[in-house]
Amino acid sequence: MALTETDCPAAAAPTGAPRAVEWRVARRPVGYEEALADMEARAAAVRDAGAPELVWLLEHPPLYTAGTSAKQADLLEPARFPVHKTGRGGQFTYHGPGQRVAYAVLDLKARGLDVRCYVHKLEEWVIRTLAHFAVEGERRAGRVGIWVDRSGPGGTPFKEDKIAAIGVRVRRWVAFHGLALNVEPDLSHFDGIVPCGIAEDGLGVTSLVDLGRPVTMSDVDFALEDAFAEIFGPFAKTGGGE
């Protein structure tokens, strides 16, 4: 059964000041292993030392990641880019320039969210971000991520393209990893994998620029920040660029 906003409130009932969230925007590509180590360290600090939560907006150099459900047969071109095994859920995903990755290290226990509701909130974060650019992002039963319906009149020919991937790991109620939104990546780079294990006819990948929205990464970052506050509640922003 699909979750709704009633099932998953935006945040726990606010008490006192808004939660502190470090909002970090990388000005250079960040290697995957560096990002993973940083996220894991912050997750431990949030859990054990009360450190501020983190939202980290970045781009990676071209690479593939393999989630816990990845099937080797879905890695079509193993030598094309580096492949990183990761503890997040999901299958194979591409990351690279022109894609905005949003890593979120959030304390689910403090926010009153279970894991299913948290994933639902990540999906809604993408959907509302896309709405800033007049793009209708949609969930699909049995398909992880956010999709755009590009079918013809009456649904013929059938065509739906994925515009954002979502993957999460939760350790002792602190969540990390997050989402990857295609702004203007080289879409041919997805050809080296079966993205998220989905190979049905009529399904593909797209981006904001591919959809005719010539937005900048800064435009997307502003939209992500606005949508985050709408979905996860008010927050006290700290940090900045790096």
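None of the values given here were measured: they were computed from a predicted structure.

Novice: How should the overall build of the chain be read in this particular structure?
Specialist: For the chain, the count of helices and strands is 4 helices and 12 strands. The dimensions of the chain, computed from C-alpha atoms along their principal axes, are 50 × 40 × 35 Å. Across the chain, every contact between residues at least 6 apart in sequence was considered, and the portion connecting residues at least 24 apart equals 70%. In the structure as shown, the chain presents an accessible area of about 10,900 Å², 54% of it carried by carbon and sulfur atoms.

Novice: Quick question: what am I supposed to make of the nonpolar core here?
Specialist: Burial of nonpolar side chains together is a common tendency in soluble globular proteins. Core analysis: the biggest nonpolar cluster contains 42 residues, and W23, Y118, W125, I163 and F232 have the highest contact counts within it. Residue assignment for this core shows that the elements contributing at least two residues are β1 (19–25), β2 (53–58), β6 (99–107), α3 (115–131), β8 (143–149), β9 (160–171), β10 (174–182) and α4 (217–232). Counting 18 residues, the second-largest nonpolar core is a separate cluster that includes M39, V46, V105 and F176.

Novice: When you look at the environment of Y94 in this model, what are you seeing that I'm missing?
Specialist: Mapped onto the secondary structure, Y94 falls in strand β5 (residues 92–95). Between the C-alpha atoms of Y94 and H189, which are 95 residues apart in sequence, the distance is 7.4 Å. Excluding its chain neighbours within four sequence positions, the residues that come into contact with Y94 are P62, L63, Y64, F81, Q99, H189, F190 and I193. A distance of 2.8 Å separates polar atoms of two side chains, one belonging to Y94 and the other to H189.

Novice: For this particular structure, what's the right way to read the packing of aromatic side chains?
Specialist: Given two aromatic rings, their pairing is described by the distance between the two centres and the angle made by the two planes. Using the criterion set out here, one finds 11 aromatic pairs in the structure. Each ring, one from W125 and one from F228, has its centre 5.2 Å from the other, and the planes form 65°; the classification is edge-to-face. Here the residue W125 occupies a position in helix α3, and F228 occupies one in helix α4, the gap between them amounting to 103 residues. Exposure remark for F228: the relative accessible area of 0% places this residue in the buried category. Between F228 and F235 the ring centres are 5.2 Å apart and the planes differ by 90°, which places this aromatic pair in the edge-to-face class. Grouped by ring-pair contacts, the aromatic residues W23, Y118, W125, F228, F232 and F235 constitute a single cluster.

Novice: How should I be thinking about the confidence of the model for the chain in this particular structure?
Specialist: When pLDDT is low, close inspection of the predicted coordinates is not appropriate. For the chain, mean pLDDT is 91; residues scoring 70 or higher make up 93% of the total. For the stretch residues 10–15, pLDDT sits under 50, and the model shows 11 contacts to residues farther than four places along the chain or on other chains.

Novice: Would you mind showing me how to read the sheet that holds strand β3 (residues 63–66) here?
Specialist: Sheet strands line up and pair through hydrogen bonds in the backbone, either parallel or antiparallel. As summarised here, the arrangement of the 3 strands in space is β4-β3-β5, forming an open sheet in which the pairing is mixed. Each having just a single partner strand, β4 (83–85) and β5 make up the two edges of the open sheet. The mean inter-strand angle of the sheet, taken between neighbouring strand axes irrespective of direction, is 25°. With 3 bridges joining them, β3 and β4 adopt parallel strand pairing.

Novice: What's the story with the pairing of β6 in this structure? I'm lost.
Specialist: Within a regular beta strand, the side chains point alternately toward one face of the sheet and then the other, so they alternate between its two faces. Buried residues dominate β6, accounting for 9 of its 9 residues. In this structure, β2 lies alongside β6, joined through 5 bridges in antiparallel fashion. Within β6, the position partnered with L58 by the bridge is V101. Two elements, β6 and β10, share 7 bridges in a ladder whose sense is antiparallel. The residue bridging L106 from the neighbouring strand is A175, located in β10.

Conventions we followed
Residues numbered from 1 in each chain as written. Predicted model: local features only at pLDDT ≥ 70, side-chain atom pairs only at ≥ 80, totals over all residues. Heavy atoms only, no water. Helix = DSSP H or I, 4+ residues; strand = E, 2+ residues; numbered from the N terminus. Contact = heavy atoms within 4.5 Å. Areas by Shrake-Rupley, 256 points an atom, 1.4 Å probe, with all protein chains shown as cover. Core = buried A, V, L, I, M, F, W, Y, C linked by side-chain atoms within 4.5 Å. Buried < 20%, exposed > 50% of the residue type's maximum accessible area, 1.4 Å probe, protein only. Polar contact = N/O pair within 3.5 Å; in protein donor to acceptor, adjacent residues only side chain to side chain. Phe/Tyr/Trp six-rings, centres within 6.5 Å; stacked < 30°, edge-to-face > 60°. pLDDT = per-residue confidence, 0-100. Pairing = 2+ DSSP bridges. Axes fitted to C-alpha atoms, helices over the stretch in contact; angles between N-to-C directions.

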